[in-house]
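# Geometric and topological summary
Spelled out from the first residue to the last, the chains are:
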Amino acid sequence: MAGGHERSVKALREVWRRAENSLCADCGKPDPDWASSTLGVFICLSCSGIHRNIPSISKVKSLKMDHWDDAQVQFLAKHGNAVTKAIYEAHIPIYYYQPTYNDCQVLREQWIRAKYERREFTEPGKQLPYSDGVKEGILWKRGRDNGQFLPRKFLLSEREGCLKYFAKQDAKEPKINVKIDVINATFQPVKIGNPNGLQITYLKDNKTRNIFVYHESGKEVVDWFNAIRSVQFHYLKVAFPIASDNEIKNRLTRNFLKEGYMEKTGPKQREAFKKRWFTLDHRRLMYFKDPLGEVFMGSRENGYSVQKGLPSGTQGNFSWHYGLTIVTPDREYLFTCETETDQLDWIAAFTSVINQAMTPQEYAIEAYFKFKS
């Protein structure tokens, strides 16, 4: 008996060590130490919790703490991440967002359920709820003035190339009509205060506007997210016919480079520093007040830089002591962070943007910012 157990443990370790099984099959996190005995995939602890919520599909066990019998080990050896992915991820639409371990719970859960429970990607040409080119339904939208969430009708149309929402369900004219090529969408459960919270950002007159929404159903809100990506993809295919699918995919919805609280002082640099929530969306550093504030982040070759610390003689009162300074051709912006880690993370994020050359479109945006100021 002991010899049989040792052989089983050795065989399990050999399968576990395969290169294909070195990353979580669902989110890509390194060194997974759980596996599904019914699907044959190696997964991380976080994804194993999602699998555990679909017991009719997946039975999960720890690779370190649980006993695996010979039949289960043989099943893992026969399958593994590569074979199982070839089945359940055979026909993923190019525009479908495949989350990583850095993404929020609702994205990862619906990705796992889409693969194994709904089997959305096992057949070619399958009709999917986000692939029709049109989507209509109710989302709970946060009011600009009172912050209250109310149900609003939304309509996404590939034919019209836009996203609309209506203040009343029976309204004939939309409250807002946004072109699909200026939209970004990203999940923001903490900021919105709902696990299914989605932030839709768009440009209007070169200004960033936000729509904060959620839906009670995780599946429905993720379907909306992928429907936006689907419509964007097909719109860009027409607009840029010589671009490859992967080039277009990289222009779809994107996650913000960094978010979090910093303190900021005003242009005279004598005002008290005020705590604001900041979002770095590529070259736009946005901070939330009324109205939305923005700082354009250009390139180093055009006179933009970020420096650790504050200028000597800074007079404004601040409660956080890890300062940084953004230098632009027109002025300096002063910020403080709560911790040194936050300070270094923000500096790294700003540096990554500043080190990139600007596109012609970004030069036009920079000119608008200068004109506005």
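Conventions and cut-offs
Residues numbered from 1 in each chain as written. Predicted model: local features only at pLDDT ≥ 70, side-chain atom pairs only at ≥ 80, totals over all residues. Heavy atoms only, no water. Helix = DSSP H or I, 4+ residues; strand = E, 2+ residues; numbered from the N terminus. Buried < 20%, exposed > 50% of the residue type's maximum accessible area, 1.4 Å probe, protein only. Contact = heavy atoms within 4.5 Å. Areas by Shrake-Rupley, 256 points an atom, 1.4 Å probe, with all protein chains shown as cover. Lys, Arg positive; Asp, Glu negative; His and termini not counted. Charge placed at Lys NZ, Arg CZ, Asp CG, Glu CD. Phe/Tyr/Trp six-rings, centres within 6.5 Å; stacked < 30°, edge-to-face > 60°. Lys NZ or Arg CZ within 6 Å of the ring centre and 35° of its normal. Pairing = 2+ DSSP bridges. Expected span 1.5 Å × (residues − 1). Arc of directions from axis to C-beta. Core = buried A, V, L, I, M, F, W, Y, C linked by side-chain atoms within 4.5 Å. Domains from an automatic or database assignment. Axes fitted to C-alpha atoms, helices over the stretch in contact; angles between N-to-C directions.

### Structural notes on the overall build of the chain
- Across its full length, the chain carries 10 helices and 17 strands.
- Taking the principal axes of its C-alpha atoms as reference, the chain extends roughly 80 × 55 × 45 Å.
- Across the 373 residues of the chain, 47% fall into the buried class.
- For the chain, the share of sequence-separated contacts (at least 6 apart) that also reach a separation of at least 24 residues comes to 53%.
- Accessible area of the chain: about 19100 Å², with a carbon and sulfur share of 50%.
- On the chain, the mean spot of the 55 positive side-chain charges and the mean spot of the 44 negative ones are 3 Å from each other.

### Some details on the packing of aromatic side chains
- Taken as a whole and judged by the stated rule, the model has 19 aromatic pairs.
- Residues Tyr88 and Tyr116 carry aromatic rings whose centres are separated by 5.1 Å and whose planes lie at 70 degrees to one another, so their mutual orientation is edge-to-face. Note that Tyr88 is positioned in helix H4 (residues 80-88) and Tyr116 in helix H5 (residues 105-117), a separation of 28 residues in sequence. The two residues Tyr88 and Tyr116 agree in class, both being buried.
- Considering the side-chain rings of Tyr96 and Phe121, the 5.0 Å spacing of their centres and the 70 degrees angle between planes classify their relative orientation as edge-to-face. Residue Tyr96 is found in the loop between H4 and H5, and its partner Phe121 is found in the loop between H5 and strand S4 (134-142); the two are separated by 25 residues along the sequence. Each member of the pair, Tyr96 together with Phe121, is buried.
- Taken together, the aromatic side chains of Tyr95, Tyr96, Trp111, Phe121, Tyr130 and Phe233 make up a single cluster linked through ring pairs.
- Sitting above the plane of the Trp68 ring, Lys61 keeps its charged end 4.9 Å from the centroid.
- Here the guanidinium or amino end of Arg142 rests over the ring plane of Phe212, the centre of that ring lying 4.2 Å away.

### Observations regarding the sheet that holds strand S1 (residues 34-36)
- Spatial ordering of the open sheet is given by S2-S1-S3, a layout of 3 strands whose pairing is antiparallel. This sheet does not close on itself; its edge strands, each paired only once, are strand S2 (42-43) and strand S3 (60-62).
- Pairing geometry for S1 and S3, over 3 bridges, is antiparallel. When the bridges of S3 are listed, Ser36 appears paired with Val60.

### Structural notes on the side chain of Glu362
- Within the element layout of this structure, Glu362 appears in helix H10 (residues 360-372).
- Apart from the residues within four sequence positions on either side, Glu362 is in contact with His282, Arg283, Phe296 and Ala357.

### Considering helix H9 (residues 340-354)
- Along its 15 residues, H9 runs 21 Å from first to last C-alpha, staying within 8% of the 21 Å computed at 1.5 Å per residue.
- Among the residues of H9, Gln343, Trp346, Ile347, Ala349, Phe350, Val353 and Ile354 are the ones counted as buried. Mapping the buried residues of H9 onto a view down its axis gives an arc of 165 degrees, with all of them on the same face.
- Elements in contact with the buried residues of H9: strand S11 (258-264), strand S12 (274-281), strand S13 (284-287), strand S15 (305-308), strand S16 (322-327) and strand S17 (332-337).

### Regarding the environment of Arg270
- Along the chain, the position of Arg270 falls in the loop between S11 and S12.
- Residues within four places of Arg270 in sequence aside, it is in contact with Thr265, Gln315 and Gly316.

### With respect to the nonpolar core
- Of all hydrophobic cores here, the largest spans 54 residues; its most connected members are Ile43, Phe154, Leu156, Ile183, Phe187, Leu198 and Ile200.
- Elements with a contribution of two residues or more to this core: helix H2 (45-52), H5, strand S5 (149-157), strand S6 (162-166), strand S8 (183-187), strand S9 (198-204), strand S10 (207-214) and helix H7 (218-239).
- The leading source of residues in this core is H7, at 9 residues.
- Residue assignment places this core across two domains, with domain 1 (1-117) and domain 2 (134-250) each supplying three or more.
- Apart from the residues within four sequence positions on either side, Ile183 is in contact with Leu163, Val178, Ile200, Thr201, Tyr202, Ile228 and Gln232.
- Judged by nonpolar contacts, the second largest core, of 25 residues, contains Leu285, Val295, Ile326 and Ala349.

### Details of the environment of Pro241
- Note on placement: Pro241 falls in the loop between H7 and helix H8 (245-249).
- Residue Pro241 is classed as exposed on the basis of its relative accessible area of 63%.
- Between the C-alpha atom of Pro241 and that of Trp346, which follows or precedes it by 105 residues, the distance is 37 Å.

### Observations regarding the sheet that holds S15
- Here 7 strands make up an open sheet; going across it, the order is S14-S13-S12-S11-S17-S16-S15 and the pairing antiparallel. If you trace the sheet from one side to the other, it starts and ends with strand S14 (293-296) and S15, each paired once. The average angle at which neighbouring strand axes cross in this sheet is 35 degrees, direction not considered.
- In this sheet, S17 lies alongside S11 in antiparallel orientation, the contact comprising 2 bridges.

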